[in-house]
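Fold and geometry: a report
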Amino acid sequence: MKLNRRLFLGATAATLAAPYVNAAGHGRPKVVVIGGGAGGATAARYIAKDSKGEIDVTLVEPSRSYYTCFFSNLYIGGFRDLSSIAHSYGTLASQYGINVVHDWAVGIDRDAKSVTLAGGAVLPYDRLILSPGIDFVDGSVPGWDTSAQNAMPHAYKAGSQTELLKAQIEAMPQGGVFAMVAPPNPYRCPPGPYERVSMVAHKLKNENPTAKILIVDPKEKFSKQALFEEGWQKHYGGMIERIGPDFGGNNVSVDAGAMTVTIDGSVEKVDVCNVIPAMKAGRICDMAGITEGNWAPVSGHTMQSRLDENIHVLGDATNQGDMPKSGFSANSQAKVAAMAVRGALTGSKVFPAKFSNTCWSLIDTNDGIKVGASYQATDEKIAKVDGFVSQTGEDADLRKATYEESVGWYAGITSDMFG
Amino acid sequence: MTYKTILAAIFVMAFPVVSQADAIGDDARGQQIFKKCAACHQVGANAKHRVGPILNGVFGRQAGTAEGYTRYSQGMTRAGIDGLVWDLEHLDAYLENPKSLVSRTTMNFAGLKDAQDRADLIAYLRVFSDNPANIPEAEPTGVPPEVTLSPEILAIVGDPEYGEYLSSECLTCHQSDGSNQGIPAITGWPTEDFVIAMHAYKVKVRPHPVMQMMAGRLSDEEIAALAAYFKDLE
Ligand SMILES: Cc1cc2nc3c(=O)[nH]c(=O)nc-3n(C[C@H](O)[C@H](O)[C@H](O)COP(=O)(O)OP(=O)(O)OC[C@H]3O[C@@H](n4cnc5c(N)ncnc54)[C@H](O)[C@@H]3O)c2cc1C
């Protein structure tokens, strides 16, 4: 986008002049944020930090520790320990004055502009921010529902599920089979399942070198495919097999009791089965009545829900256009929403929305790759402007530098989220 | 570990004591290698302090004491106080792995693993140090800047408030407290260095794809705004 500074300063002046009212009618304007993950924690922090106390920010999140999904695959691979991907909300409360409430939001009254918590409290808001992440689509993998998640973990929300999956891999018999049922598009973290396969292979290569990995995939193609396949060939030759839709990868069911996967009618006995079902916006979005299909449509200019201008939706739960569902994206969207919310509630300057994303993945020790793009808001969607991706055949030094960069990014984004 | 013990461990045995400057290495090759340093350090007649101090006269200088340079890390100042002097051996160890010699140095440089590269670079630096046997006949010309920017671009006064908003995009990776764990710190840079670096990414002279993309869509004013904002972050 060619930015004309004079033009947008003009637009800013208009925003400044517009009257802004605080629905509660008295006191500081109130923002409630539901979900303390990549989108929600960032939004809460930026609103509190930049409004310098002018806005009352409440963050609702059931967990006291947030385990990042990002780098959870590296935990499985043995490159990180679990405590290194856990983050608490202490700094957001003590340093930024955010009212952190550890509870579930169970209802949203859009007319009264209030949120009800499982514990019974009712929180009024002037603006509501929803960043609840994903839930799974019932029945998308026949034979699997959340009651099967202990036998066949998804590990697509990090924490105990990730620990469980890792423990199951460690308990595999020598020469056993690890199966992954990969999700259909769109889903959280496009390279995530394939980075996971890489990390499982890395672990098995050391601990269980005759084991096999089977990916059952409903998609023709996947993110960074050429790079992953090159890496798998190079580091784990012969260990990984992927069954795409041509061979029945889109016709799969599981039996968690028998530990079998049925692919196009043929039954495979497996030792570990990582089922990553189809996804949809976190359930609270449905309860709020702001979804169309599986996701919550939003305007890219402000991340406002297309169905309710007092609600902004961030991250994986949204249908916004071209950005992948990633932590980086959610963090980027949160800053745009934070600016828009402050503009609306306190009249602060509003600049044009800009977004970016980079997803790093680790294939094996010091073999990192990345894909990224920049985006701008149009009236229809968030549209991709420019992008890049690692190349096949890159030399080892560059791959190592890419991995080191991802470590730097992890430190950066987690301090940008949690202070 | 102090830098002294590290030196004992990694250096003294490995590097024969060299008394003749011309035996250090190939300074012409060192001049090429110095390009890696030139984003932050200058040498030669018109050298100025940039992100890092001037390296004229570095030989024999006590660490952390270049005159007029105000941005030393506590780690570097402390090392100088502890007695670190930039002689051949210490420069070699520092260039091999800056953080192992001066643990909390802010010099964001991974190090030169190749002993010959270090020797050649040190030979080049030696040319700019006050040693009668080594002062070159002609004035050294230094290293040209990465991009030449018009005075108008350099003169743009950035709006730090706008820079603060734009900076939120940078802070997903670069940390606002200036710490660096795999992605360099960008706080507290002199404005001009920041502007030159961003333009060098924008025109793809500097190689990093993420930064080329990020800088590629920033206007001249936006770059100035970011420089203005980050300059004052500590
Ligand atoms: C294996 C894996 C690897 C990944 N790797 C990367 C990576 O390398 N880089 C990257 O950028 N992204 C990565 N991602 C994606 C990234 O984790 C998500 O895109 C990101 O977390 C989305 O942020 P969010 O705010 O939308 O949701 P989340 O971060 O999931 O946060 C949602 C929060 O909302 C809370 N919540 C939900 N419902 C309610 C409710 N009703 N009331 C209160 N709180 C609620 C949840 O407890 C949760 O803490 C990865 C994901 C996976 C699974």
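Residues numbered from 1 in each chain as written. Chains lettered and ligands numbered in written order. Predicted model: local features only at pLDDT ≥ 70, side-chain atom pairs only at ≥ 80, totals over all residues. Heavy atoms only, no water.

Regarding the packing of helix α8 (residues 160-170) of chain B against helix α11 (residues 220-231) of chain B
A pair of packed helices can be characterised by two numbers: the angle between their axes and the separation between those axes. All names here are of chain B. Filter applied, for reference: Between the N-to-C directions of two axes lies an angle of 0 to 180 degrees, each axis being a line fitted to C-alpha atoms and, for a helix, fitted only over the stretch in contact. Numbering goes from the N terminus for both helices and strands, where a helix is a DSSP run of H or I of at least four residues and a strand is a run of E of at least two. Our angle categories are set so that under 35 degrees counts as roughly parallel, over 145 as roughly antiparallel, 65 to 115 as roughly perpendicular, and the remainder as oblique. Throughout, a residue-residue contact means that at least one pair of heavy atoms, one from each residue, lies within 4.5 Å. The classification used treats Ala, Val, Leu, Ile, Met, Phe, Trp, Tyr, Cys and Pro as nonpolar, Asp, Glu, Lys and Arg as charged, and all other residues, Gly among them, as polar.
Contact geometry of α8 with α11 gives a least axis separation of 7 Å together with a crossing angle of 90°. Taken together, the axes of α8 and α11 lie roughly perpendicular to each other. Where α8 abuts α11, its residues P160, Y162, G163, E164, L166, S167 and C170 lie against E222, A225, L226, A228, Y229 and F230. A class-by-class count of the residues in the contact of α8 with α11 yields nine nonpolar, two polar and two charged.

Description of the domain arrangement of chain B
Residue and element names in this part refer to chain B. Quick reminder of the rule: A domain assignment, automatic or from a database, supplies the domain bounds used here. Defined in terms of a 1.4 Å probe, buried area is the accessible area two parts forfeit on being brought together, summed over both. The rule for a salt bridge is simple: a side-chain nitrogen of Lys or Arg has to be within 4 Å of a carboxyl oxygen of Asp or Glu.
Along its sequence, chain B is organised into domain 1 (16-134) and domain 2 (151-231). Each of domain 1 and domain 2 has a C-alpha centre, and these two points are 26 Å apart. Counting residues at the interface gives six residues for domain 1 and nine residues for domain 2. When domain 1 packs against domain 2, close to 630 Å² is buried across both sides, 38% of that on carbon and sulfur atoms. Seen at the junction of domain 1 and domain 2, the total is two salt bridges.

A short note on the sheet that holds strand β8 (residues 122-124) of chain A
Residue and element names in this part refer to chain A. The following threshold applies: Following DSSP output, two strands are said to pair if at least two bridges run between them.
If you trace the three strands from one edge of the open sheet to the other, you get β6-β7-β8, paired in antiparallel fashion. Across the chains shown, the open sheet's two edge strands, defined by having one partner strand only, are β6 (105-109) and β8. Recorded for the sheet is a direction-independent mean angle of 20° between the axes of neighbouring strands.

Points about unusual backbone geometry
The phi torsion of most residues other than glycine is negative, and most of the peptide bonds are trans. Residue and element names in this part refer to chain A. As a reminder, the rule being used: Only protein chains enter the accessibility calculation, which uses a 1.4 Å probe; a residue whose area is less than 20% of its type maximum is buried, one above 50% is exposed, and one in between is partly exposed.
Cis geometry is found at the peptide bond from N185 to P186, where omega equals -10°. Relative to the elements of secondary structure, P186 occurs in the loop between β11 (177-181) and α6 (192-207). Look at M259: it is not a glycine, yet its phi comes out positive at around 55°. Mapped onto the fold, M259 is located in the loop between β14 (252-255) and β15 (260-263). You can call M259 buried: its relative accessible area is 15%. Phi at N366 is positive, roughly 55°, even though this residue is not glycine. Here N366 shows up in the loop between β22 (354-364) and β23 (367-377). Assessed through its relative accessible area of 30%, N366 is described here as partly exposed.

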